[in-house]
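Fold and contact review
Here is how the chains run, residue by residue.
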Amino acid sequence: MRFRLSYFVIVSSILLFAYFYSQNSIVTSSVVFTAIPFALPLALAAMVGVMCERTGIVNIGIEGTMLVSAFTAFFLGAILKNISAGLFIGIMTGVLVGLLLSVMTITWKMDQIIAGVIINIMAAGITSFLYRQNYRIPSTFLPIDIPVIGDIPVIGPIVSNHGPITYFGIIFIFGLWVALYKTPWGLRSRSVGEHPSSADTAGVSVVRLRYINVTIAGAVGGLAGSYLALEAVGIFERGFTAGKGFTALAIMIFGRWNPLGAFAAALFFGLSQAVTNQLMIDEVVQIPQQFVTMLPYVLTILILAISAGKVRPPAAEGIPYEKEKV
Amino acid sequence: MAILQRVKLQTLSIPLLSLLIAFIFGSLLIAMQGSNPLFAYQVLFTKAFGSIEGIATTLAKATPLILSGLAVAICLRAGLFNIGAQGQLISGALASAWAGYSFVGLPFLIHIPLALLFGAFFGSFVALVAGLLKAYRGVHEVITTIMLNSIVIALADYLASTPFKEPDQPITRTPKIEESARIPDLFGLPFGFFIAIAISVVFWWLMRRTTTGFRIETIGRNRNAGWYAGISVKRVIISSMLLGGATAGIAGAVETLSITGRFEPAFNAGLGFDGITVALLARANPLGVIPAAILIGGMRGAASTMQFRAGVAPEIVDLLLALILFFVTAPILLRLLKRKEEGISLSSGWSN
């Protein structure tokens, strides 16, 4: 059933794309092209969720991680006049936030939801206090024209000419899928998320693995934030991430805690936003701007309402690990 | 008796110590920005609590925070984290503004309660969406309430800019409410403050003395045990979300009917989010919410004076509140005090 549904979705989206492409090739390619920058930060943020939750840590602080990282990436990129340095600092900021979440949830065994919300509130507080106007980064990360692939008809114009973080991010998502399902690290991570005491018995250090994964996930959150500030938008404002970290959690659930599933869900989100934007530009529909703003949030709730009861989260999620005392 | 005293000491000492440490951290940040932290704090607190007018402003600022703090606290008691007080508050503010200007010629004894009721109803309506999704679909309330915040903010912006807009002027806002809907001042204090105190006391009574409160508390402490004892988990989830939403809606209504006099999208910013800090600082105690809200209201009210006189950006208050929240909830202070840990625990995970 599950497989048939996903095949159905893939086949029908290819058919739809073919139909619209035959009607108007330029607009169709550009809509699918713009769906990718909408989707990428959501997909990366969803990877943060996948990595944390697969080892049993609920991370609701993705939003805050992205916000702080976007902040440091942008301002240090602007001050140092070097966006690569900004990117590095953004990722390191994510690592620090990941470590903080690890300490709170793993060592202190705090309630994971509260810990995440506190990260979000602290991120909003710090960034709005330190925010200054009139800073500019020298440029954003520029699009790369991929030589051979860019010349392929139909697909070329869609997949070529994105920025470097986009390509790295997509490679990372596929890499994470391989790592999670085909490597010892992935097996250990998943077992720690499902049944930590068994994993512990088998010799896996639950605490260490959780620390490592949540911290690496923090780096990915930092990458997502830096992407927004340094590649997608090129500016920073207060409350810049606009709920993307929460939408990402819905995407993660919709994607069944699977990197590729979440990537597909993120593409669906990105596409729905790109289509709406195009409809607005063409004045096909007269929707007030506010309803367009609402779209991702409404979709998030709808998707959760549809999928939440049907999917099974990692079993040990949200529960601090207590080593059995003999 | 000794045990009782120790418990009381603990519930008080942790928030107070958290405040102290947060202010020390804050002073480092203020000093880093080249201002004198002691002077900044002095300005902040003399402005907020040093004069009669200052205290009146503080209490006016504290009024919506008491209510939004209660909205979060009551849900925390049921084991739910209502991050959506902001959206519920805005929904209530807009609804009460609409009731305030649409009904003409009502006596104020009817008009004010009616407008408050509109606020409570539409506040709880927003919370109901999250409550139903949690109870019947297992969708975690933190995500739904955050998403509902954004939806309500956009929807309210649309309503105030098109159907409910004040005609013949460029600003996005509703018309002014009728005089009969205005909540008057009492002894130079906003009457809404007394409403907020009364609601806190009602909640305290509800939690301590009624079976409803007992059900909420039981489900909040142990959902399975409550279910086994025959309490309907679904009903408790929905009713506590409804209560929380109604309280947040009243917060917005009181603010509209006594302070702002109309709905404008820029109003009410952050009142619901501060409610989270208030509730956690008060350790979800309905009466503890009052001093917590007064403290935060005072800091909010005096922030601009501090900027003017001490040159510290008013966003320092956001940062201080975040630090307070961190120290109040993280168990490091409890560990330092070598006390038994009793953190607030919620249902983690996405499907329970």
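Our subject in this report is the structure included herewith.

Conventions and cut-offs
Sequence order sets the numbering: in each chain, residues are counted from 1 along the sequence as written. Chains carry letters and ligands carry numbers; both start at the beginning, A for chains and 1 for ligands, and go up in the order they are written. Owing to the predicted nature of the model, reporting of local features is limited to residues with pLDDT of at least 70; listing and counting of side-chain atom pairs is limited to 80 or more, with chain, interface and lining totals taken over all residues. Helix and strand assignments follow DSSP, with helices taken as H or I runs no shorter than four residues and strands as E runs no shorter than two, numbered in order from the N terminus. As a reference, a globule follows 2.2 Å times the number of residues to the power 0.38, and the radius of gyration itself is taken over C-alpha atoms. Labels follow a simple rule on C-beta atoms placed from the backbone: if 20 or more others lie within 10 Å of a residue's own, it is buried; if 12 or fewer, it is exposed; otherwise it is partly exposed. Note on contacts: each residue gets a C-beta atom placed from the backbone, and two residues are in contact if those atoms are within 7 Å. Geometry is summarised by axes, namely lines fitted to C-alpha atoms with helices restricted to the contacting stretch, and by angles between N-to-C directions that run from 0 to 180 degrees. By the definition adopted for this analysis, an angle is roughly parallel if under 35 degrees, roughly antiparallel if over 145, roughly perpendicular if from 65 to 115, and oblique otherwise. Crossings are classed by handedness, with left-handed meaning an anticlockwise turn of the near helix from the far one by less than a right angle and right-handed meaning a clockwise turn. Classification used: nonpolar for Ala, Val, Leu, Ile, Met, Phe, Trp, Tyr, Cys and Pro, charged for Asp, Glu, Lys and Arg, polar for all others including Gly.

1. Focus on the overall build of chain A
Along chain A, the regular secondary structure elements total 13 helices and 0 strands. Listing every helix and strand of chain A by position from the N terminus yields α-α-α-α-α-α-α-α-α-α-α-α-α. The C-alpha radius of gyration of chain A comes to 20 Å, within 12% of the 20 Å expected for a compact globule of 326 residues. For chain A, the spread of C-alpha atoms along the three principal axes comes to 70 × 55 × 40 Å. Looking at chain A as a whole, 49% of its 326 residues qualify as buried. Taking as baseline every contact in chain A between residues at least 6 positions apart, the subset at least 24 positions apart corresponds to 76%.

2. Quick look at the packing of helix H12 (residues 289-310) of chain B against helix H13 (residues 316-329) of chain B
All names here are of chain B. Here H12 crosses H13 at 160 degrees, and the two axes come no closer than 10 Å. Taken together, H12 and H13 sit at an angle that is classed as roughly antiparallel. Along this stretch, H12 crosses H13, giving a crossing that reads as right-handed. The segment H12 lies against H13, with Ile-296, Met-299, Arg-300 and Ala-303 engaging Val-317, Leu-320 and Leu-321. Tallied by class, the residues present in the contact of H12 with H13 amount to 6 nonpolar, no polar and 1 charged.

3. Focus on the interface of chain A and chain B
A common way to report how large an interface is uses the accessible area buried once the components associate. Tallying the contact residues gives 39 residues for chain A and 39 residues for chain B. For the side of chain A that touches chain B, the elements supplying multiple residues, two or more each, are helix H5 (112-130), helix H11 (244-254) and helix H13 (289-307) of chain A. With 12 residues, the top contributor of residues to the side of chain A that touches chain B is H5(A). Each residue belonging to the side of chain A that touches chain B can be placed in one class, and the counts come to 28 nonpolar, 9 polar and 2 charged.

4. Observations concerning the packing of helix H2 (residues 25-54) of chain A against helix H12 (residues 259-282) of chain A
All names here are of chain A. The interhelical angle for the contact between H2 and H12, taken along N-to-C directions, is 140 degrees, at an axis separation of 6 Å. Comparing the axis directions of H2 and H12 gives the class oblique. Between H2 and H12 lies a crossing whose hand is right-handed. Across the interface between the two elements, Val-27, Val-31, Thr-34, Ala-35, Ile-36, Phe-38, Ala-39, Leu-42, Ala-43, Ala-46, Met-47 and Val-50 from H2 touch Pro-259, Ala-262, Phe-263, Ala-266, Leu-267, Phe-269, Gly-270, Leu-271, Gln-273, Ala-274, Val-275 and Gln-278 from H12.

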